[in-house]
Amino acid sequence: MFSWQRKSDDPQIRARIPPGQVLTEKFPVLHFGQVPDYPDLAGWNFRVFGAVETPFTLNWGEFRHLPTARAVLDIHCVTRWSKLDTTWEGVPFSHIAEVAQPHPAARFVVFHAEAGFTSNVPLEAALDPNCLLAWSYDGKPLEPDHGYPLRALVPGRYFWKSAKWLRGVEFSTEDQLGFWERNGYSNSADPWREERYSDF
Ligand SMILES: Nc1nc2c(c(=O)[nH]1)N[C@H]1C(S)=C(S)[C@@H](COP(=O)(O)O)O[C@H]1N2
Ligand SMILES: [Mo]
C-alpha cells in the first residue's frame, strides 16, 4: 500500500483535509502564463507601497537581510489537491507591515507579481503570523515553477492567493480583486467553507 493511502485513512489526517479535497504527496504546478526567467537577481526589486506611512523598495540583498521565519502549512488548491505539512522560510508579512506602517484606513493587501499578476486578501489575513514572503520550500530555494525567487504564502485560503514571482505588496483602503478573483474565483476563498467560485 502506498503511504498516501495509509495517510488519508488516518482520522487525524482526514480531519485536516477540507471538503472536496484529495491528499497528494506530489507538488503540482499551477499558474496562468509563463514562468519568468531570472538569469540573475541584479534587476530584481521589491516594492512596498500604497496606504502606508513609509513606502520602500528593496533589492534582493536588502530583502534577504530582513528577519526571517519558518512556517509549516497545509495547502489547498481549488483544483482539489491538498498537501499537508509544507515547510517554508521567508520574511513574515507582519514585519513588512511593521516597517511600512499602514494607515489606519488600510484594510486590504494586494500582492503584485511578475507580468501584472495580482492576488488580494484582507490585511487581517496577511497579518497571520504564518503569512510569509517565502524564498525557500523544504529547506531549498524555491524552484522556478513554484515562484523563484519569492512568493507569497497565505494560510487558510485556497492556494491561488499565494502569488508566485512576487515583486511587491500594496496596502489599500479598498479591496481590489486579483487575477483569479476577477476570473470567476471566490474573493474570500476559505477552503473549509468550500468558497471556490464567485457568484457573479
Ligand atoms: N504569479 C502567479 N502566482 C500564482 C498563480 C499564477 O497564475 N500566477 N496561480 C496560483 C494558483 S491558482 C495556485 S494553485 C498556486 C500554485 O502554486 P504551485 O504551482 O507552487 O503549486 O499558485 C498561485 N500563484
Ligand atoms: Mo489554483
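For the structure given in this document, a descriptive report is provided here. (Residues numbered from 1 in each chain as written. Chains lettered and ligands numbered in written order. Predicted model: local features only at pLDDT ≥ 70, side-chain atom pairs only at ≥ 80, totals over all residues. Heavy atoms only, no water.)

Things to note about the pattern of salt bridges
- Scanning the entire structure with this criterion turns up seven salt bridges.
- Measuring nitrogen to oxygen at the nearest pair gives 2.8 Å for the salt bridge that ties Lys 161 to Glu 181. Of this pair, Lys 161 sits in the loop between β10 (151-153) and β11 (166-172) while Glu 181 sits in helix α6 (residues 179-182), and the two are 20 residues apart along the sequence. Neither residue differs from the other here; Lys 161 and Glu 181 are each classed as buried.
- One salt bridge connects Arg 193 with Glu 195, and the closest N-O pair in it is separated by 3.5 Å.
- The buried category is assigned to Glu 195, whose relative accessible area is 18%.
- Three or more residues are tied together by salt bridges with common partners; here these are Arg 16, Asp 74 and Asp 85. (Salt bridge = Lys/Arg side-chain N within 4 Å of Asp/Glu carboxyl O. Helix = DSSP H or I, 4+ residues; strand = E, 2+ residues; numbered from the N terminus. Buried < 20%, exposed > 50% of the residue type's maximum accessible area, 1.4 Å probe, protein only.)

Brief notes about the site of ligand 1
- Near ligand 1 lie 20 residues; those nearest to it are Pro 28, Phe 32, His 146, Arg 151 and Lys 164.
- Note that an oxygen atom of ligand 1 is positioned 2.7 Å from one of the backbone N or O atoms of Pro 28.
- When ligand 1 is considered free in solution it has 530 Å² of accessible area, and contact with the protein chains removes 98% of it.
- Structurally, ligand 1 is housed in the largest pocket.
- Here the shell around ligand 1 is built from residues that sort into 14 nonpolar, three polar and three charged. (Near = heavy atom within 4 Å. Polar contact = N/O pair within 3.5 Å; in protein donor to acceptor, adjacent residues only side chain to side chain. Areas by Shrake-Rupley, 256 points an atom, 1.4 Å probe, with all protein chains shown as cover. 1 Å grid on protein atoms, 1.4 Å probe; cavity = no way out; pocket = protein on both sides within 12 Å on 5 of 7 lines; lining within 4 Å. Sits in = over half its atoms within 2 Å of the grid points. Nonpolar A, V, L, I, M, F, W, Y, C, P; charged D, E, K, R; others polar.)

Things to note about the sheet that holds β11
- In space, the five strands of this open sheet follow the order β3-β2-β11-β6-β7, with mixed pairing throughout. Looking at the sheet topology across the chains shown, the edges are occupied by β3 (56-59) and β7 (118-122). This sheet shows a mean twist of 15° between the axes of neighbouring strands, independent of strand direction.
- For strand β6 (residues 108-113) and β7, the ladder comprises five bridges, and the chain directions are antiparallel. From the neighbouring strand, Val 109 faces β7, where its bridge partner is Val 121.
- Across the sheet, helix α4 (residues 93-100) touches β2 (45-50), β3, β6 and β11, and the angle it forms with β11 is around 55°. (Pairing = 2+ DSSP bridges. Axes fitted to C-alpha atoms, helices over the stretch in contact; angles between N-to-C directions. Contact = heavy atoms within 4.5 Å.)

Keep in mind that these numbers describe shape and distance, not what the molecule does.
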